Amino acid sequence: MANTFTVDFPEIWAREQQRVFYKTNVAMKIADISFKSQLSRGDTLNRPYRSSNEVQTYTRGTAITIDDKTDTQEQLSINREFATGFYIDDFDKIQSNYNLIANYAKDDGVYLSNQVDADVLGEVFNATSTVDDGDIGGTSSNGILLTTSNILATVSAAKKKLMKQNIPGNNFYGVISPEFEEILIQYGAGRDTVMGDKLNDNGFITNFYGFKLYRSNQTAGSAVLALATDPTNTDTVVIGGVTFTFVSSIGTTAGNVLIDGTVDTTRASFATLLNDPGTTTATGVALTGSDLRLFQNRVSATNDDTADTLTVNYKGVGVLAVSETLTDATDVWTTALEKQHQLFGGVGNPVLVMQSDARVRMREVQDKLGVNVLNGVLYGVKTYVDNGKAMVNVEIQSSTF
């Protein structure tokens, strides 16, 4: 990090460093963040929901059936802990032409905020309602191939799903990707009342069909791998730029998955590694370094022996890029099931409790001429039953992005 180039005029230092472009975070605009002050022990948030019953026919003079009323507790745990840290030597600080600590600390604060956003937007998978291609006249379960011809039907379908759940319609939001916004702009070409240059620091872009829309590069992605044949040695699958290799002998290379006798057991071993990418087992070798950081706490996988598929959900990815070199030509990522998940709903859903916000802490290093700069967050995210009813998962086909 040492830099022998010095500048005599502090007022031009900002021009001597390149700009960093950050993702826009929207969690604080859409989630319910009101519970922080109500935590009694600082570890959990309990919220019950009531049982429901239908009315009964009454016959005069006969007994009314007495229903049992029960509460079911749901609990949010404050268990999301993330941190960053870096070392700055005093001599590097002296020779730098900009404030190293302030700028790197700002970067880390944004990265921590990005993690919070990824978790909040990842709650889209817990939405009660889904809008897919079947809701606008296409094939059920497929992602919508979004166009200017069907974007209005897509958004109105999301509103209908909320109305069917009796959600009040006076404060709706939609968190959409740049890909979704591109189609929206094309749809609104020449219609000044539809789109406008209203983007601000919180990602707000416009109001559309009763939704306050926010742009985010951190929408969740998913993909479905059809895997009905046991892979061949050295076959690969790539998820989000990380390569996984199927091998006949497990070895020690990160991302190796053992070909385990039957395709179902091999697929299950692959899911195990994806769900716990930091742990090496007899059938999978843990990821390391940046690959592990990318996957840990963001990726989950579901194995389905009946359908011969593996479904991968990835929070905060924007567009999930996948590929494979599987020997059997029928074992592929299913194009129509590569999806980007836009979160629509009522403001205040899901719930986000920030118990400790990002805050820089500097620690002198005993045997070095410098400091460690530390930052961290502690929070919890949950979609309670009532939150789920007020959220819609709008599934857009992402394979063409």
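Please refer to the structure placed before this passage.
A brief look at the structure comes next. Remember, it's a predicted structure, so these values are computed and weren't measured experimentally. (Residues numbered from 1 in each chain as written. Predicted model: local features only at pLDDT ≥ 70, side-chain atom pairs only at ≥ 80, totals over all residues. Heavy atoms only, no water.)

Let's shift gears to the overall build of the protein chain. In terms of regular secondary structure, the protein chain is built from 8 helices and 19 strands. Taking the principal axes of its C-alpha atoms as reference, the protein chain extends roughly 95 × 55 × 55 Å. Classification of the 401 residues of the protein chain by burial places 45% in the buried group. A fraction of 73% describes how many contacts in the protein chain between residues 6 or more apart in sequence connect residues 24 or more apart. Counting 32 positive and 46 negative side-chain charges, the protein chain places the centres of these two groups 10 Å from one another. (Helix = DSSP H or I, 4+ residues; strand = E, 2+ residues; numbered from the N terminus. Buried < 20%, exposed > 50% of the residue type's maximum accessible area, 1.4 Å probe, protein only. Contact = heavy atoms within 4.5 Å. Lys, Arg positive; Asp, Glu negative; His and termini not counted. Charge placed at Lys NZ, Arg CZ, Asp CG, Glu CD.)

Right, let's get into the environment of Gln73. In this structure, Gln73 sits in strand 2 (residues 71-77). Look at Gln73 and you get exposed, because its relative accessible area is 51%. For Gln73, the contacting residues outside a window of four places in its chain are Asn46, Arg47 and Pro48.

Another point: helix 3 (residues 100-122). For helix 3, spanning 23 residues, the distance from its first C-alpha to its last is 33 Å, which sits close to the expected 33 Å at 1.5 Å a residue. Most of helix 3 sits out of view: 17 of its 23 residues are buried. (Expected span 1.5 Å × (residues − 1).)

For an α-helix, 3.6 residues make a turn, and residues three or four places apart therefore share a direction. Within helix 5 (residues 178-187), the full set of buried residues consists of Phe180, Glu181, Ile183, Leu184 and Tyr187. Across the axial projection of helix 5, the buried residues extend over an arc of 160°, all falling on one side. In this structure, the buried side of helix 5 is in contact with helix 4 (151-164), strand 5 (172-176), strand 6 (204-208), strand 7 (211-215), strand 15 (339-346) and strand 19 (391-397). (Arc of directions from axis to C-beta.)

What follows deals with the packing of helix 4 against helix 5. Where helix 4 meets helix 5, the axes come as close as 10 Å, and the angle between the chain directions of the two elements is 115°. Listed contacts from helix 5 to Ile151, Leu152 and Val155 of helix 4 are Phe180, Ile183, Leu184 and Tyr187. Its residues assigned to classes, the contact of helix 4 with helix 5 comprises 7 nonpolar, no polar and no charged. (Axes fitted to C-alpha atoms, helices over the stretch in contact; angles between N-to-C directions. Nonpolar A, V, L, I, M, F, W, Y, C, P; charged D, E, K, R; others polar.)

Bringing the packing of aromatic side chains into the picture now. Using the criterion set out here, one finds 11 aromatic pairs in the structure. Residues Tyr187 and Phe208 carry aromatic rings whose centres are separated by 6.0 Å and whose planes lie at 85° to one another, so their mutual orientation is edge-to-face. Pair noted here: Tyr187 is in helix 5 and Phe208 is in strand 6, with a separation of 21 residues, a long-range link. There is no split in this pair, since Tyr187 and Phe208 are both buried. Centroid distance Phe246 to Phe270: 5.4 Å. Interplanar angle 80°. Geometry classified as edge-to-face. Of the two residues, Phe246 is situated in strand 10 (residues 242-247) and Phe270 in helix 6 (residues 263-275); the sequence distance between them amounts to 24 residues. Exposure remark for Phe246: the relative accessible area of 0% places this residue in the buried category. With relative accessibility at 0%, the residue Phe270 sits in the buried group. One residue, Lys368, lies across the ring of Tyr87, its end atom 4.9 Å from the ring centre. (Phe/Tyr/Trp six-rings, centres within 6.5 Å; stacked < 30°, edge-to-face > 60°. Lys NZ or Arg CZ within 6 Å of the ring centre and 35° of its normal.)

Glancing now at the environment of Gly85. Residue placement: Gly85 occurs in strand 3 (residues 80-89). On a C-alpha basis, the gap between Gly85 and Leu374 in space is 4.4 Å, while along the polypeptide they are 289 residues apart. Among all residues touching Gly85, those that are not within four sequence positions of it are Asp108, Val373 and Leu374.

Counting across every chain of the model gives 8 salt bridges. Taking the shortest distance from any N to any O, the salt bridge between Lys339 and Glu395 comes out at 2.7 Å. Taken together, the residues Lys339 in strand 15 and Glu395 in strand 19 connect sequence positions 56 residues apart. Its relative accessible area of 10% is what places Lys339 among the buried residues. Overlapping salt bridges, with partners in common, bring together Asp264, Arg267, Asp305 and Asp308 in one network. (Salt bridge = Lys/Arg side-chain N within 4 Å of Asp/Glu carboxyl O.)

Quick look at the sheet that holds strand 14 (residues 322-324) now. With respect to topology, 4 strands assemble into an open sheet ordered 11-10-9-14, the strand pairing being mixed. Looking at which strands have only one partner, the edges of the open sheet turn out to be strand 11 (256-258) and strand 14. With direction set aside, neighbouring strand axes in the sheet form an average angle of 20°. Judged from the 3 bridges that link them, strand 10 and strand 11 form a sheet pairing that is parallel. Bridge assignment links Val247 to a residue of strand 11, and that residue is Leu258. (Pairing = 2+ DSSP bridges.)

Once that is clear, we can look at unusual backbone geometry. A cis geometry characterises the amide bond from Asn349 onward to Pro350, with omega recorded as 5°. For Pro350, the location among the structural elements is in the loop between strand 15 and strand 16 (351-356). With a phi close to 65°, Asn166 is a non-glycine residue in the positive phi region. In this structure, Asn166 sits in the loop between helix 4 and strand 5.

What follows concerns the side chain of Ser216. When you line up the elements, Ser216 lands in the loop between strand 7 and strand 8 (220-226). Look at Ser216 and you get buried, because its relative accessible area is 1%. Here Gln218 takes part through its backbone nitrogen, which lies 2.9 Å from a polar atom of the side chain of Ser216. Every residue in contact with Ser216, bar those within four places of it in the chain, is listed here: Thr24, Leu121, Val175, Ile176, Ser177 and Pro178. (Polar contact = N/O pair within 3.5 Å; in protein donor to acceptor, adjacent residues only side chain to side chain.)

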